[in-house]
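Observations on the model geometry
Listed below, chain by chain, are the residues.
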Amino acid sequence: MSPAKGEEKALLPSQTASEGTHGKKMGMHAGLRLVQALLLGIAIWLCVTTVSRGGLFYRFDLDENGADDAWTAKKQCPQVSTIVPEKNAELWNSLGDSFSTDAFKARAVEWLGGAVRVPTPSFDKMLPVGDDPRWEAFGPFHDYLLQAFPLTHTTLQLTKVNTYGLVYLWKGSDSSLKPLLLTAHQDVVPVNADTVSKWTHPPFSGHFDGERIWGRGSSDDKSGLIGIMSTVESLLEQSFQPTRSLVLAFGFDEETSGLHGASAIGEYLLKTYGENTFLLLVDEGGGFAQEYDAVIATPGIAEKGYIDVRVEVTSPGGHSSVPPTHTTIGILSQLLVHYESKPYEPVLSRGTPMYWKAQCLAAHAPGLPHKLRRALRQSVKSDHALKEAQKELFKSKPFRALVGTTQAIDLIGGGVKTNALPEQAWAVVNHRIATDSSVDAVKEHDTALLDSLAHEFNLSYTAFGSQVSGGDAPAYGTLTLSDAWGTALEPAPVSPIDAPEYALLSGTIKATYNAHRSLKGDDTIVVAPGIMSGNTDTRYYWALTPHIYRYNHHNSGNGTALSNGVHTVNEFMEADAFLEVIRFFTTLILNADEFTA
């Protein structure tokens, strides 16, 4: 409120000589307050604008669009434009039109359904080919492929590796170009007989209900194998002749670590073609899904490592009527409880595939929470912000599991009779090793983890061939850690994402997505690198090319790559999604044929 005109002069400071001293004091106080305010403002400005790595403060995101010089979407998650065939544009458009017809849909459904109707399960610990009759299930599947894809078998050169491994060569006209390598696997996970009644349609029926093809392998991985074969057959029907050679490699025991299939194929390809002789390799893997209001395609550019640790305890036997305080099984149980009470602590690190995936979400996913987006932007330079981002991201159990080394106690055994003290008990702990860790790191961690309990129970302790404790002193029993099957695997090399080959794949993904939906533009789908939750046959192909991408363009909708019954009851494949897989391989083959780096 303004003072009344008559009161205005009375409210002003007195200007008389008698009040001069008081006025000077008031002026000094005002000056001090001004200086204090200026100093406080400078301090706040320094806190806001100064980045202290690992310190208390980090620079806040002042630009909601990420346009500051510390963080830009283009820098942290660059996107390429769509890539479509130019020389073969007419062929690509013609095939694309045919993929949208009911006639081709019916043909594609029958191709995949027919493959599902030939059971090809692989089992753990199978004997070598020729010694185990269960391998013979793949003979009828080869017969089916011959019947279903006649042009492929009359045009491409087929080599069978270790009897049931399939390697097809489609020779290009220019032998100086590195071939494109597409891989998949013929085998499927066995169906538990106790669960057959729970299937909506019989597990090997290949039933089509008008929308979905049902059955074991319809998704993992006969959709990939048949998608590739369908593409090649369709191209041959249009008299396409490639410039760049195409190699197809199909293992037959991927579900049991590829010990007989991809292992032999990898040796054959290395001997035949040599090291680093393929343009790029595309195998089964990630697809695309809705994430935070964006469509995100996630090619797997790496895989976790793997080791199964066998934990074995021995102690004296005897009659159960005179038991010790802790039986062998009791001791093992406490060891396993200790395992689960001390899980690996995952750490989100810069320069890892899952950090790059998170940066892509921050750059391109509008639905990402603001707090997380801001932390990710600042995490490029601030350790404090990185920890804040990790805290938010790890609220998602799947994301947390993909980042760190995991452990799961999956097998256990011990004892032979209820009235006999068990002399031996064992368990197997499955580890999936973080991409920035190693097999040796897991061995060291597990060895140290159980050391105190070995001492507590007076057990002579041996870990991975080395004596840890109790070698000479009397002991009540033994504790032994070992690689259960001798199949420990280091994390896969990380395939580059700043290479022309990755750009080729990314542009192909965008072109396929758009073409299948009659869309235009480069921002309809985001390509973000990631990793596989499991291991694929690519473990045997590392020497063939540094550009290994695990991606089959499955449409996962709002779910995940494992949400359509993979490895469990009611496995299925959406017919429309399968048509898009065929479109993807068609686009990839034609784009690679024109590719020049």
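Since the model is a prediction, treat every value here as computed from it, not as a measurement.

With that settled, the discussion passes to helix H17 (residues 575–594). End to end, H17 covers 29 Å across 20 residues, agreeing with the expected 28 Å (1.5 Å per residue, within 8%). Burial analysis of H17 places 18 of its 20 residues in the buried class, the great majority of the element.

All right, on to the nonpolar core then. Ranked by internal contacts, the top residues of the largest apolar core, which has 66 residues, are Leu145, Leu182, Ile226, Leu248 and Phe250. Counting residues per element, this core draws most heavily on H17, which supplies twelve residues. Other than its neighbours up to four places away in sequence, Leu182 contacts Ile228, Leu246, Val247, Leu248, Ala249, Phe250, Val282, Phe585, Leu588 and Ile589. Residues Ile296, Leu348, Ala363 and Leu368 belong to the second largest nonpolar core, which totals 27 residues.

To continue, consider the packing of helix H11 (residues 370–378) against helix H12 (residues 383–393). Each pair of packed helices can be summarised by the angle the axes make with each other and by the distance between the axes. Across the interface, H11 lies against H12 with an axial gap of 8 Å and an inter-helix angle of 140°. Classed by the angle they form, the pair H11 and H12 counts as oblique. Crossing of H11 against H12: the hand is left-handed. For the pair H11 and H12, the contacting residues are Lys371, Leu372, Ala375, Leu376 and Gln378 in the first and Ala385, Glu388, Ala389, Glu392 and Leu393 in the second.

Turning next to helix H16 (residues 500–517). Spanning 18 residues, H16 covers 26 Å between terminal C-alpha atoms, matching the ideal 26 Å at 1.5 Å per step. A large share of H16 lies buried, amounting to 14 of its 18 residues. Backbone geometry just downstream of H16 places Ser518 in the positive-phi region, at approximately 55°.

The next thing to look at is the sheet that holds strand E9 (residues 305–314). As summarised here, the arrangement of the six strands in space is E11-E13-E9-E16-E14-E15, forming an open sheet in which the pairing is mixed. Looking at strand neighbours, the two that pair on one side only are strand E11 (406–414) and strand E15 (466–469), the edges of this open sheet. Here the strands of the sheet are splayed against their neighbours by 20° on average, with no regard to which way each runs. With five bridges joining them, strand E14 (residues 459–463) and strand E16 (residues 477–483) adopt parallel strand pairing. What sits directly across from Ser460, in E16, is Thr478.

Okay, the pairing of strand E7 (residues 294–297) next. Burial of the side chains of E7 extends over both faces: Ala294 and Ile296 are buried on one face and Val295 and Ala297 on the other. Sheet topology note: the strand E6 (residues 281–291)/E7 ladder contains four bridges and is antiparallel. Along E7, the bridge assignment pairs Glu291 with Ala294. Taking the residues that link successive antiparallel strands as the turn, the E6-E7 hairpin has two residues, and the phi of Tyr292 there is positive, at about 50°. When E7 meets strand E17 (residues 526–527), the two strands line up parallel, connected through two bridges. Residue pairing across strands places Ala297 opposite Val527, the latter belonging to E17.

Among the ten residues that make up E9, eight are buried, leaving the element largely enclosed by the rest of the structure. Bridging between E9 and E16 involves six bridges; their strand directions are antiparallel. Considered in E16, the bridge of Glu312 is made with Thr480.

Glancing now at the state of the cysteines. Inspection of the entire model under this criterion finds one disulfide. In this model, Cys77 is linked to Cys360 through a disulfide, with the two sulfur atoms separated by 2.0 Å. Across the S-S bond of Cys77 and Cys360 the torsion is about 90°, and the bridge reads as right-handed. Remark: Cys360 occurs in helix H10 (residues 353–364) and Cys77 occurs in the loop between helix H2 (73–76) and helix H3 (89–99); sequence separation between them is 283 residues. Each member of the pair, Cys77 together with Cys360, is buried.

Topologically, Arg539 is positioned in the loop between strand E18 (530–532) and strand E19 (548–555). No salt bridge is formed by the buried Arg539, whose closest oppositely charged neighbour, Glu254, lies at an N-O distance of 5.2 Å. Only 3.2 Å separates the side chain of Arg539 from the backbone oxygen of Thr536, close enough to count as a polar contact.

The rules behind each value
Think of each chain on its own: its residues are numbered from 1, step by step along the sequence as written. Totals for whole chains, interfaces and linings use all residues, but because this is a predicted model, local features are given only for residues with pLDDT of at least 70 and pairs of side-chain atoms are given and counted only at 80 or more. Excluding hydrogens and water, the side-chain values take into account all heavy atoms of the structure. We count a stretch as a helix when DSSP gives it H or I for four or more residues in a row; a strand needs E for two or more, and each element gets its number in order from the N terminus. Expected helix span is given by 1.5 Å per residue-to-residue step, counting one fewer step than there are residues. Exposure is judged per residue with a 1.4 Å probe applied to protein chains only, and the accessible area is read against the type maximum: over 50% gives exposed, under 20% gives buried, and values in between give partly exposed. Nonpolar cores are built from buried Ala, Val, Leu, Ile, Met, Phe, Trp, Tyr and Cys residues. Side-chain atoms within 4.5 Å join them into one set. Contacts: residue pairs with any heavy atoms within 4.5 Å of one another. Axis lines are fitted to C-alpha atoms, over the contacting stretch for helices. Their N-to-C directions set the angle, which ranges from 0 to 180 degrees. Convention used here: angles under 35 degrees read as roughly parallel, angles over 145 as roughly antiparallel, angles from 65 to 115 as roughly perpendicular, and any remaining angle as oblique. Should the near helix be turned anticlockwise from the far one by less than a right angle, the crossing is left-handed, and should it be turned clockwise, the crossing is right-handed. Pairing between strands is defined by DSSP: at least two bridges between the two strands are required. Counting rule for disulfides: a pair of cysteine sulfur atoms within 2.5 Å. His is not counted, nor are the chain ends; Lys and Arg add positive charge and Asp and Glu add negative charge. A side-chain nitrogen of Lys or Arg and a carboxyl oxygen of Asp or Glu constitute a salt bridge if their distance falls within 4 Å. Distance and chemistry together define a polar contact, namely a pair of N or O atoms within 3.5 Å, with one atom able to donate a hydrogen and the other to accept it when in protein, and with adjacent residues in sequence counting only for side-chain atoms on both sides.

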